[in-house]
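# Chains, contacts and geometry: an overview
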Amino acid sequence: AATRASGQRSLQSFVASAPEVHDGNSTEALAFFSTVQKLHASMAAAAQLSATDKTSAALVLGAREMDRLLNAEIHTLGMYRQSSHHVKKHVRRVAVRRSQAMMTVDALWWKL
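First things first, this report covers the structure right here in the doc. Residue numbers here run from 1 along each chain, matching the order of that chain's written sequence. The predicted origin of the model limits local features to residues at a pLDDT of at least 70 and limits the giving and counting of side-chain atom pairs to 80 or more, whereas totals for whole chains, interfaces and linings rest on all residues. The basis for the side-chain values is all heavy atoms of the structure; hydrogens and waters are excluded.

## Quick notes on the overall build of the chain
Only DSSP runs of H or I covering at least 4 residues are called helices, and only runs of E covering at least 2 are called strands; the numbering of each starts at the N terminus. The helix and strand inventory of the chain stands at 3 helices and 0 strands. Starting at the N terminus and walking to the C terminus, you meet the elements of the chain as α-α-α. Here the chain has a C-alpha radius of gyration of 38 Å; the compact-globule value for 112 residues is 13 Å, and the former is much larger. Referenced to the eigenvectors of the C-alpha coordinate spread, the extents of the chain come out at roughly 125 × 30 × 15 Å. The 112 residues of the chain split such that 4% are buried. Split by element, the accessible area of the chain, about 9,900 Å² in all, is 64% carbon and sulfur. Between the two quantities, the radius of gyration covers C-alpha atoms and the globule rule is 2.2 Å times the number of residues to the power 0.38. Burial status follows relative accessibility: with a 1.4 Å probe on protein chains alone, a residue under 20% of its type maximum counts as buried, one over 50% as exposed, and anything between as partly exposed. We get accessible surface area from the Shrake-Rupley algorithm with a probe of 1.4 Å; when it comes to residues, only the shown protein chains can shield them.

## Focus: the packing of aromatic side chains
Note on aromatic pairs: each is described by the distance of the centres and the angle between the planes. Pairing of aromatic side chains here covers Phe, Tyr and the six-membered ring of Trp, requires ring centres within 6.5 Å, and sorts the geometry by plane angle: under 30 degrees stacked, over 60 edge-to-face, intermediate tilted. This model, assessed by the stated rule, comprises 1 aromatic pair. Ring geometry for Phe14 against Phe32: centres 6.1 Å apart, planes inclined by 50 degrees, an arrangement best described as tilted. Here Phe14 is found in helix 1 (residues 2–17), whereas its partner Phe32 is found in helix 2 (residues 26–47), with 18 residues between them in sequence. Judged by relative accessible area, Phe32 falls into the partly exposed class, the value being 31%.

## Brief notes about the pattern of salt bridges
Pairing between side chains of opposite charge can happen when the charged atoms of each approach one another. Just to be clear on terms, a salt bridge is a Lys or Arg side-chain nitrogen sitting within 4 Å of an Asp or Glu carboxyl oxygen. According to the stated counting rule, one finds 1 salt bridge in the structure shown. Close ionic contact of Arg68 with Glu65 constitutes a salt bridge, the shortest N to O distance being 2.6 Å. Linking Arg68 with Glu65, this pair stays in helix 3 (residues 51–111), spanning 3 residues, or about one helical turn. Judged by its relative accessible area of 48%, Arg68 falls in the partly exposed class. Overall, Glu65 belongs to the partly exposed group, its relative accessible area being 36%.

## Details of the environment of Arg4
Positionally, Arg4 belongs in helix 1. Given a relative accessible area of 64%, Arg4 falls into the exposed group. A C-alpha to C-alpha distance of 33 Å links Arg4 and Ser26, two positions 22 residues apart in sequence.

## Comments concerning a nonpolar patch on the surface
Patches here: salt-bridge-free residues with over 30% relative accessible area, like charges joined within 9 Å, nonpolar side chains (Val, Leu, Ile, Met, Phe, Trp, Tyr) joined within 5 Å. On the surface, Leu11, Val15 and Met43 cluster together to form a nonpolar patch covering roughly 260 Å² of accessible area. Within the secondary structure layout, Leu11 lies in helix 1.

## Here we look at a positive patch on the surface
Taken together, the side chains of Lys88, Lys89, Arg92, Arg93 and Arg97 define a basic patch exposed on the protein surface. Examined against the element boundaries, Lys88 turns out to sit in helix 3. His is not counted here, nor are the chain ends, while Lys and Arg score as positive and Asp and Glu score as negative. Lys charges are placed at NZ, Arg charges at CZ, Asp charges at CG and Glu charges at CD.

## Thoughts on the environment of Met79
Along the chain, Met79 falls in helix 3. Looking at Met79, the relative accessible area reads 47%, which means it is partly exposed.

## Structural notes on the side chain of Ser10
Within the fold, Ser10 resides in helix 1. Aside from chain neighbours lying at most four places away, what touches Ser10 is Leu39, Ser42 and Met43. By definition, residues are in contact when any of their heavy atoms lie within 4.5 Å.

What follows is the structure in structure tokens.
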């Protein structure tokens, strides 16, 4: 935020104090060019990130990557859970059928 304010102040100062350039006047052109160079230097300095800003940006990128990886893992676990649920339902149905078949065999056995 401080670097942005510094850049804005430099730009406002340039706009307010930039010398006029008339056709063919090399002295005015050189003065204007010097002012533009100073503006460029101050804008470049304002654009530099501080160590804190760089660290913050790295932390944000790291957090986003961790979030992406965690979401992928959660999705994978969800797929395993869903598959497990379907397998358990199938096993229960097979167990019920097997139990019914055994009861039918038992009833037939005792009738014989």
